[in-house]
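# Structure assessment
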Amino acid sequence: MIPGLQPIPLTELKVLSSPKVWQIKGGLDSFSCFTPVTGKVIAEHQGGILLLKGTLSTIIFLECDRCLKEYKQKLECNCEELILIKDSSISPSNEVKNRIPPEDFMDSLTPQESFDPERWIFEQLSLQIPLLKVCSETCKIPASLVSNTNSKYSQSSSDLNVSYDPRWAQLKKLL
Ligand SMILES: [Zn+2]
């Protein structure tokens, strides 16, 4: 939970004279964070749309898909999103309709709903997590997981890695 990031009703955002800015510093419950999430989020109510901008940075722990060890992954994003505010009683202004095709909106809210900045931060950072999580370019599947015929090759290649990457020496001590 990041302090000061409670959901804010759109009605409240609408009456602000300037965009709402959150300075972000804190951990997210949904991630195992090595460093807190830092940055800022800006929300601007523009009538028919909510304009969101964020610059976010953190380092989280992930499990490597190859060696299954935990490693640190830096996540950074400079993101922008438009959320459609669907008010069935008022049709969106022509200006908004002409500027942005409806398919460009990933999400929509009704005017009575709230914007949850913490959930938005989680979504933006989740999009930055690589599909293939690998602790390093030289990571190999551990010899213990490779069949016997390949083990000799795996052993020598992991010895090679030690000379390139000092982190392997640290990992080897744990084996
Ligand atoms: Zn790995």
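Residues numbered from 1 in each chain as written. Predicted model: local features only at pLDDT ≥ 70, side-chain atom pairs only at ≥ 80, totals over all residues.

Atom-level detail of predicted coordinates should not be read off regions where pLDDT is low. Predicted confidence across the protein chain gives a mean pLDDT of 82, with 73% of residues reaching 70 or more. Long-range and interchain partners of residues 149-163, a stretch whose pLDDT sits below 50, account for 14 contacts in this model, where long-range means more than four residues apart. (pLDDT = per-residue confidence, 0-100. Contact = placed C-beta atoms within 7 Å.)

This next bit is on the sheet that holds strand β6 (residues 107-109). The mixed open sheet is built from 5 strands, whose spatial order is β2-β3-β4-β5-β6. Strands with a single pairing partner mark the edges of an open sheet, and in this sheet they are β2 (20-26) and β6. The average undirected angle you get between the axes of adjacent strands in this sheet is 20 degrees. Here strand β5 (residues 70-85) pairs with β6 via 3 bridges, running parallel. Its bridge partner being in β6, Ile-83 is matched across the sheet by Asp-107. The strands touched by helix α3 (residues 117-126) within the sheet are β2, β3 (33-45), β4 (49-63) and β5, with β4 carrying the most contacts at an inclination of about 60 degrees. (Pairing = 2+ DSSP bridges. Helix = DSSP H or I, 4+ residues; strand = E, 2+ residues; numbered from the N terminus. Axes fitted to C-alpha atoms, helices over the stretch in contact; angles between N-to-C directions.)

Both β2 and β3 contribute to a ladder of 7 bridges, which runs antiparallel. Bridge pairing in β3 links Trp-22 to Val-41. Sheet topology note: the β3/β4 ladder contains 10 bridges and is antiparallel. Paired with Thr-35 across the strands is Ile-59, a residue of β4. Where β3 hands over to β4, the hairpin turn is made up of 3 residues, of which Gly-47 adopts a positive phi near 85 degrees.

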